[in-house]
Amino acid sequence: MSEENWIEVGSTDSIEEEDLIRFDHQDKTFCVYRLTDGFYATDGICTHEAVHLEDGLVMDDEIECPMHQGIFNIKSGEALSPPACEDLKTYPVKVDNDKIFIKID
Amino acid sequence: MKNNIIILGGGQAGIYAAREIRQNDTESNIKILSEENLLPYERPPLSKDFLLDKKNEDDLYFHSIEVLKNENIDFENVLINKVDFEHKKLFSKNEDVYTYDSLLISTGSDNKRLSLDNNLNDDVYYLRNLEEAKIIKEKVSDKNKITIIGGGFIGLEIASSLSQLQKKVTVIEIGNQLMGRIIPKQIADLVQNTHIEQGNEIILNKQIDKIIKKNGIYEILLNDNSIIETDFVIAGIGSTPSVKLFENTNLKLDNGIVTNQFCETSIKDVYAAGDVCNFYHPFYERNMRLESYQHAQNHGICAGKNIAGVKTEYTSIPWMWSDQFNLNLQLTGICDDYDEIIARGNDINSGVIYFFLKNKIIKGACGLGIAGKVGRDIRITSKLTEKNTIVDKQILSDQNQKLNKLIQKQ
């Protein structure tokens, strides 16, 4: 795992618990979540229709799309409820000195 | 116990019921009988991304045939034209007989149709199924001026799509606002503004007196004697439950098939789900009929559980959406019985929501915003509504305060 793939997202206190922030890097959008047991990251656009998940609701381990209520598991990316049927891509996250990093391939 | 379970109607409620039954019952035979020779497909894109060529037919199916085969769910294209509830039999047009132990009726709804007193009824097009969407898409391709009769969800979604295809669109609505059956006027007016900004003409408070055809052009005569000239006419004026098959049976009908909170009809072992039902909602303590994606899905799932013996009440708080241009409109709860309205936001770029309260308890909300901007708050409102929450109005009206706080306080 090369160090250069870890991209700094921001400080840990920039995300409230059970919430998310949007993070744009180059031409891609990601969502970074703070759940009760840590930080997670997924693609930032719903797989159903091109809408930003940053406006969605985080409940337990799930993110619900704000447009049509498709639901994904944040940790696995699994599409749990229609109209979403294609899984959401997830990314490794690490915290170092109160800073969040995600590994983008 | 191995039963024969028949699902009459191959739409969204039917397929979700079938899969739910299979999850709870690996033994029984499950057969979906569908009038359309198509696997169950999503209807919302028909008036939007399908017309705009952003989605094609293959993108619309809920599941492939392989999924149904893996779950041992049979799907048959057949037109049933007689029902014998006493002997638990269905008869096809070709006199094939289908015997059931449990029956789910999920026949959906049909378009209300205009009744014109000349021979132009076939010149008015409707959009409910894939076939109709294909016909409209093909027919409008060489037309310019399109008139849509009815300013409800379907009419406005088609108006939005055709406008994006550079058509000159006129919408004629009989009421004094768009989407007047369920959407508050404040939100309807914002939607109307967007249509006008995008070049669509919106005519309110007008009835159609007559349509005549001259040299391939239609003249729509309105009740104020004005005339709209148009190349093509589409109507979206509501729907009626598809119950014709049951009209001379002892199945209880009243604006649809009457069901209780367990999707049970007045006849033992006969269930109904989706658009066709006038179902009892225990939260609202009354019957209602809904036509929406979420309802078709969740009601189908609920019926599936009950058919499989998992007794389950249907308690979903209504939720629906409409996408027009880059706007996403959402409604949750029932917004016609309130004593106070609280507004949140005043710019559709960040979302505008109206909350409806009665005796300080939140009853529902309707919001509009650029794609997805109101979704989280509308979803939170559903959760607050189902718990009869007394809300802090200060938080509701202040867009800088997240509504998540209201849930967490419970």
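Rules and cut-offs
Residues numbered from 1 in each chain as written. Chains lettered and ligands numbered in written order. Predicted model: local features only at pLDDT ≥ 70, side-chain atom pairs only at ≥ 80, totals over all residues. Heavy atoms only, no water. Contact = heavy atoms within 4.5 Å. Buried area = accessible area lost by both parts, 1.4 Å probe. Salt bridge = Lys/Arg side-chain N within 4 Å of Asp/Glu carboxyl O. Polar contact = N/O pair within 3.5 Å; in protein donor to acceptor, adjacent residues only side chain to side chain. Helix = DSSP H or I, 4+ residues; strand = E, 2+ residues; numbered from the N terminus. Nonpolar A, V, L, I, M, F, W, Y, C, P; charged D, E, K, R; others polar. Pairing = 2+ DSSP bridges.

**Quick look at the interface of chain B and chain A**
If you look at the interface, chain B gives 22 residues, while chain A gives 19 residues. Across the chain B/chain A interface, buried area totals approximately 1,800 Å², and carbon plus sulfur atoms make up 46% of it. Among the residues chain B hides against chain A, the three largest losses belong to Trp319, Arg376 and Arg379 of chain B. Together they make up 30% of the total. Taken together, chain B and chain A are joined by four salt bridges. The salt bridge partner of Lys373 of chain B is Asp55 of chain A, with a shortest N-O separation of 3.1 Å. At the junction of chain B with chain A, the criterion picks out nine residue pairs in polar contact (both at pLDDT 80 or more). At the level of secondary structure, the elements contributing two or more residues to the side of chain B that touches chain A comprise α6 (293-307), β22 (319-324), β23 (327-333), α7 (375-386) and α9 (404-408) of chain B. Among the elements that take part in the side of chain B that touches chain A, α7 of chain B stands out by supplying five residues, more than any other. In terms of residue class, the side of chain B that touches chain A is built from six nonpolar, seven polar and nine charged.

**Some remarks on the pairing of strand β14 (residues 217-222) of chain B**
For a regular strand, side chains alternate in direction, first toward one face of the sheet and then toward the other. Residue and element names in this part refer to chain B. Inspection of the sheet shows strand β13 (residues 208-214) paired to β14 by six bridges, in the antiparallel sense. For Lys213, the partnering residue across the bridge sits in β14 and is Tyr218. Connecting the antiparallel pair β13 and β14 is a turn made up of two residues, with Asn215 showing a positive phi of about 50 degrees. Across four bridges, the pairing between β14 and strand β15 (residues 227-230) is antiparallel. Directly across from Leu221, in β15, lies its bridge partner Ile227. Hairpin connection of β14 to β15: four residues between the antiparallel strands, including Asn225 at a positive phi of 70 degrees.

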